[in-house]
Amino acid sequence: MPGALVAATLLSAVAWRVGALSADGAVAGAAVGFAVIVTGGWSWAGLLLAFVVAGSLASRLPPAAGPPRRTTRQVLANGTVAALAALAHPAAWAAPGFAGAVAAAWADTWSSEFGTRYGGPPRRVVGLQPVDPGTSGGVTALGSAAGVAAAALCGLLAAAFGIAPVPSTAAAGVLGALADSLLGATVQAAFRCTRCGRRGETPRCACGARGELERGLRWLDNDAVNLLATAVGALAAVALHR
């Protein structure tokens, strides 16, 4: 257990030092990593670490002003379901649930990072209307392909680490990313600034004015959608594993 705590803390500190996590995000990351190592073991931690590294590298792709420092909310949005599945070990559903949650987070991350940078104008996943780049629920062909590749890679690693088979993990990742897009396009909160007319995902606009709720549920932000998407991935993996 001391070794697990040292390893989780060290990795989170490195992630903070290179700019991948904020200070509070590093604390949350250490907690998630510790829970996974202690309950699932080093192979489970290896899969989680692979996702963190792959996501961080994707965020550094050009053009980018710099990698975003992920906060506590963002870390927990992507890691809570995986950590809960790890805490349920050695229950039969824990391993596929863990792999499916990680696959969903990985697929969504790569889909967003590659699609936003190189996918061209996105379209709303419901109705296929053109939307601005970065809009929740917007998808591109390239971004979707990157998400499928991420889910497949996660499946291969999950199988290599002896956690869960490739097909169920990969399929769960794709379904989780799809759920993220569908929730983003339908029920996630979207605001329109009363001053400049800019659309955004938070009530406070970059210009300083507050926005009015244009659609969705006010409390359902992007972090909540990510959390739900990883839950879909976990449940899908458990269902497909049987």
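Please refer to the structure placed before this passage.
So, a few notes on the structure that sits alongside this text.

Each value, and the rule that gives it
Residues numbered from 1 in each chain as written. Predicted model: local features only at pLDDT ≥ 70, side-chain atom pairs only at ≥ 80, totals over all residues. Heavy atoms only, no water. Helix = DSSP H or I, 4+ residues; strand = E, 2+ residues; numbered from the N terminus. Buried < 20%, exposed > 50% of the residue type's maximum accessible area, 1.4 Å probe, protein only. Lys, Arg positive; Asp, Glu negative; His and termini not counted. Salt bridge = Lys/Arg side-chain N within 4 Å of Asp/Glu carboxyl O. Contact = heavy atoms within 4.5 Å. Expected span 1.5 Å × (residues − 1). Arc of directions from axis to C-beta.

Regarding the side chain of Asp 180
With respect to the helices and strands, Asp 180 occurs in helix H7 (residues 166-186). Of the side chains bearing the opposite charge, Arg 215 lies closest to the buried Asp 180, which forms no salt bridge; the N-O distance is 11 Å. In contact with Asp 180, not counting residues within four places along its chain, are Asp 108, Val 225, Asn 226 and Ala 229.

A few points about the pattern of salt bridges
Side chains that differ in sign of charge can pair as their charged atoms come close. Tallying each qualifying case throughout the model produces 5 salt bridges. For Glu 113, the salt bridge is made with Arg 70, and the minimal N-O distance between the two is 3.8 Å. Here the residue Glu 113 occupies a position in helix H5 (residues 94-118), and Arg 70 occupies one in the loop between helix H3 (42-59) and helix H4 (72-87), the gap between them amounting to 43 residues. Residue Glu 113 is classed as buried on the basis of its relative accessible area of 12%. A relative accessible area of 24% means that Arg 70 is categorised as partly exposed.

Regarding the environment of Trp 42
Here Trp 42 is to be found in helix H3. Each C-alpha atom of the pair Trp 42 and Ala 4 lies 8.7 Å from the other, and the pair is 38 residues apart in sequence. The residues contacting Trp 42, other than those within four sequence positions of it, are Gly 3, Ala 4, Ala 7 and Ile 37.

Here we look at helix H1 (residues 2-17)
Taking 1.5 Å of rise per residue, 16 residues should cover 22 Å, and H1 covers 22 Å from first to last C-alpha, within 8% of that figure. The set of residues buried in H1 consists of Ala 4, Ala 7, Ala 8, Ser 12 and Ala 15. Mapping the buried residues of H1 onto a view down its axis gives an arc of 120 degrees, with all of them on the same face. Relative to its buried face, H1 has exposed residues pointing more than 90 degrees away, namely Pro 2, Val 6, Leu 10 and Arg 17. Tucked inside the fold, the buried residues of H1 contact helix H2 (23-40) and H3.

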